[in-house]
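For reference, the chains in residue letters:
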Amino acid sequence: MGKTPSLSPLPSLWLGLGIPLLLCFFALDPSVLVSAWKKEEFRSCNQTPFCKRARSLPTNSSAYHILGLTLQDGDLTGQLLSGDDSGNSKPLALRISVYHDGILRLKIDETPSDRRKRFEVPDVLVETLDQEKKLWLQKVDQEGDSSVVFVASGYEAVIRHSPFEVFIRRAGDKEGVLSFNSIGLFDFEQLRSEKDEGETWEEHFRSHTDSRPHGPQSISLDVSFHGAKFVYGIPEHATSLALKPTRGPGIESEPYRLFNLDVFEYLHESPFGLYGSIPFMISHGVSRSGNPNSAGFFWLNAAEMQIDVLASDPADAETVNTHWMSEAGIVDAFFFVGPGPKDVVKQYMATTGTPAMPQLFATAYHQCRWNYRDEEDVAQVDAKFDEFDIPYDVLWLDIEHTQGKKYFTWDKVLFPDPEGMQKKLAAKGRKMVTIVDPHIKRDDSYKIHKEASEKGYYVKDSSGSDFDGWCWPGSSSYLDMLSPEIRDWWAEKFSLSNYRGSTPSLYIWNDMNEPSVFNGPE
C-alpha cells in the first residue's frame, strides 16, 4: 500500500521523503495480493515509443549547431539549429546561466510562437535562486569554434558551436568534469499541429490509448561524467547503489525507468521504476592528478524518463557516459562541479532546497499494520508494548479507521472517541499517525469531495471532466497539486479545527503520493 510513509504534524504539513529507521508492518489480505511479478502489465522500452526511438539513435547523430551566441541579462543566449530537413524543426532557444558555488544551468526550449507551450516544472527550485545565487557573466572568451565562460574558481565551460556541445573542465589542466552532447545523442522533438502523410501519433498499451494531439515531443540527451568510475542516484530502483551499465558490448538491459508506480511486488536487481522519481545523478572517481573527483547532474523535468548507463569504453575507462530519454518537457538541466560528494549534494540543495529536519520521535520505533480494528485493539497493542517492556514512540492507523474510506473522518462505531484515544497515548509520551491519500472518494455526501468538485479542483481528463480513477475507496478523483490555490486549500484540511477528532499529538501519513491509480494503463 504505497511507499514508505512520511509524517506531518498538525496543524502544519510536512511532506518528507521518508523516515529513518521507520518500521511499518502490513498484514495484507491475501485477496489483494498477486502471486508474482506480472511483466506483461508494465511497459518495456520497446513498448514505449519515445524510448524505442531514442535508443535507436546512433552516437554522433546530433546535428545541432549554435547561431548568434551573445551575453544577455548576465546569461549566454542563442539559438540552436538542427540539420533536420523534414520541415518540422524550428530554431530552439538556448540559455546558459551560472550560479555561485559551481552550478551551471542549461535551458533549451522551443522559441515563443503560437504553438502550445511545453510543460515547465514549477515550484521545485528555490524561489530566490536567480536573485541571490546567479552570477552575471561579464565576458566570453573565444577558443577556435568555441566560447568559454567562467563557472567557478578553477572551472570553466567550453560551449562548442558546431556540433553543439557543453564541456565543463578545470581551468588549469583542462581536465574534463562534465559534458553535454559529447557523444551526439541530443534530439528534441518539437510540438506539431499537422501530421505528415501516413503518420500516426496515437500510442497504445493494453486497452489504453494516448491520443498525443500535439505529436511526439520527446527529448534525448547524453551526459558524460569525466574522471569517474561510478554513477549513483536517479531513485527509485531495487538495484545496487552504484548503477550498473544497461548498454554496451555484451550488455542489453532495460534502461533505468523514472516513472512513479505503486509496485509492492517488484523485481530484485531491476532498473524498473518504483514509487518515486528524482532525475539527479552523482558520479565519483579519481582524477588524472589522483584527487577524488565527484560531479552531479539534475534534469528538472517531470515527464517519464528512461536512462541508460553506457558501459565504459576501454579506450576511455575514466568516463561514464549516460543517455537520458524523456517523453516530454524541456531541457532545464543543472551541472554541479563538486569536487567532492558533499559538495555536489550542497550544490544540488542550493538549487532545490534542503529537506526538513525530522522530528526526534520520527527516528524512533513506529508500530504500524493494516489494520488495527478499533480503540480497544489500539489500547491492547499499546499495553502489550508496556507489558513486554518494548519501547516505541508512535502508533499508526491505516485507512480502515475512517468512515467509508473518507480521509479526515473517523468510523464512529469503531473509533467513537479519537481525541481520548490520542490523549491516552500522549500521556505516555507517544504519538498517533493517521493515513491520508491523494485520491478523494467520489461521494456527494463527503464534504471534501463536494467542495473540491464545486471549486473545480480535480485533475481533468482530455474531455475537461474530472478524472475518475479507481483506488481504495473505489471511484476517486485527484486534486491538482500543481495549483498553489489548491495546495493551500488542501493544507487547511489538516488544521485542528478542520480535522475533527485530531489533537496536537496526531501526525499524518502522507501515503500513496505516487499517485496510485488502480485502473490506469500500468
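Given the structure is predicted, the values throughout are model-derived calculations rather than measurements. (Residues numbered from 1 in each chain as written. Predicted model: local features only at pLDDT ≥ 70, side-chain atom pairs only at ≥ 80, totals over all residues. Heavy atoms only, no water.)

**Quick notes on the sheet that holds strand 29 (residues 469-471)**
In spatial order, the strands read 28-30-29; together these three strands make up an open sheet with antiparallel pairing. Either end of the sheet is taken by a strand with one partner, and the two such strands are strand 28 (439-441) and strand 29. Looking at each pair of strands side by side, their axes are set apart by 60° on average, direction ignored. Bridging between strand 28 and strand 30 (residues 474-478) involves three bridges; their strand directions are antiparallel. Paired with His439 across the bridge in strand 30 is Tyr478. (Pairing = 2+ DSSP bridges. Helix = DSSP H or I, 4+ residues; strand = E, 2+ residues; numbered from the N terminus. Axes fitted to C-alpha atoms, helices over the stretch in contact; angles between N-to-C directions.)

**Concerning the pairing of strand 23 (residues 319-326)**
In terms of burial, strand 23 is largely enclosed, as eight of its eight residues are buried. Of the two faces of strand 23, both are covered, the one formed by Thr319, Asn321, His323 and Met325 as well as the one formed by Val320, Thr322, Trp324 and Ser326. For strand 15 (residues 219-226) and strand 23, the ladder comprises eight bridges, and the chain directions are antiparallel. In the strand pairing of strand 23, Ile219 is matched with Ser326. (Buried < 20%, exposed > 50% of the residue type's maximum accessible area, 1.4 Å probe, protein only.)

**Remarks on the pattern of salt bridges**
Tallying each qualifying case throughout the model produces 40 salt bridges. As a salt-bridge pair, Glu304 and Arg43 come within 2.8 Å of each other at their nearest N and O atoms. Within this pair, whereas Glu304 is found in the loop between strand 21 (292-299) and strand 22 (305-309), its partner Arg43 is found in the loop between strand 1 (7-9) and helix 1 (49-55), the two being separated by 261 residues in sequence. By the burial criterion, Glu304 is buried, and Arg43 matches it. For the salt bridge of Arg442 with Asp468, the shortest nitrogen-to-oxygen distance reads 3.9 Å. Separated by 26 residues along the polypeptide, Arg442 in the loop between strand 28 and helix 6 (447-455) and Asp468 in the loop between helix 6 and strand 29 bring together distant segments of the chain. Given a relative accessible area of 42%, Asp468 falls into the partly exposed group. (Salt bridge = Lys/Arg side-chain N within 4 Å of Asp/Glu carboxyl O.)

**A short note on helix 4 (residues 375-387)**
For helix 4, which comprises 13 residues, the first-to-last C-alpha distance of 18 Å matches the rise-based estimate of 18 Å (1.5 Å per residue) to within 8%. Inspection of helix 4 places Glu375, Asp377, Val378, Val381, Asp382 and Phe385 among the buried residues, and these make up the whole buried set. Summarising the axial view, the buried residues of helix 4 lie within an arc of 165°, below the 170-degree limit, and thus occupy one face. Facing away from the buried side of helix 4 by more than 90 degrees, the exposed set consists of Glu376 and Glu387. On its buried face, helix 4 sits against strand 25 (366-367), strand 26 (394-397), helix 5 (418-426) and strand 27 (431-436). (Expected span 1.5 Å × (residues − 1). Arc of directions from axis to C-beta. Contact = heavy atoms within 4.5 Å.)

**Re the UniProt feature "domain: Glycoside hydrolase family 31 TIM barrel" (unreviewed entry) in the protein chain**
According to UniProt, the "domain: Glycoside hydrolase family 31 TIM barrel" (unreviewed entry) feature falls on residues 355-521. When the span residues 355-521 is considered, its composition is 24% helix and 17% strand, and the gap between its end C-alpha atoms is 32 Å. (UniProt positions renumbered as here; feature names shortened; annotations may be inferred.)

**Points about the environment of Ile448**
Within the secondary structure, Ile448 is located in helix 6. For the pair Ile448 and Phe408, spaced 40 residues apart in sequence, the C-alpha to C-alpha distance is 9.0 Å. The residues touching Ile448, leaving out its near neighbours within four places in the chain, are Tyr407, Phe408, Ile440, Trp489 and Trp490.

**Some points on the packing of aromatic side chains**
Within the structure shown, the criterion is met by 28 aromatic pairs. A centroid spacing of 5.0 Å and a plane angle of 75° characterise the contact between Phe42 and Phe272, whose relative ring orientation is edge-to-face. Within this pair, whereas Phe42 is found in the loop between strand 1 and helix 1, its partner Phe272 is found in the loop between strand 19 (256-258) and strand 20 (280-286), the two being separated by 230 residues in sequence. With relative accessibility at 13%, the residue Phe42 sits in the buried group. (Phe/Tyr/Trp six-rings, centres within 6.5 Å; stacked < 30°, edge-to-face > 60°.)

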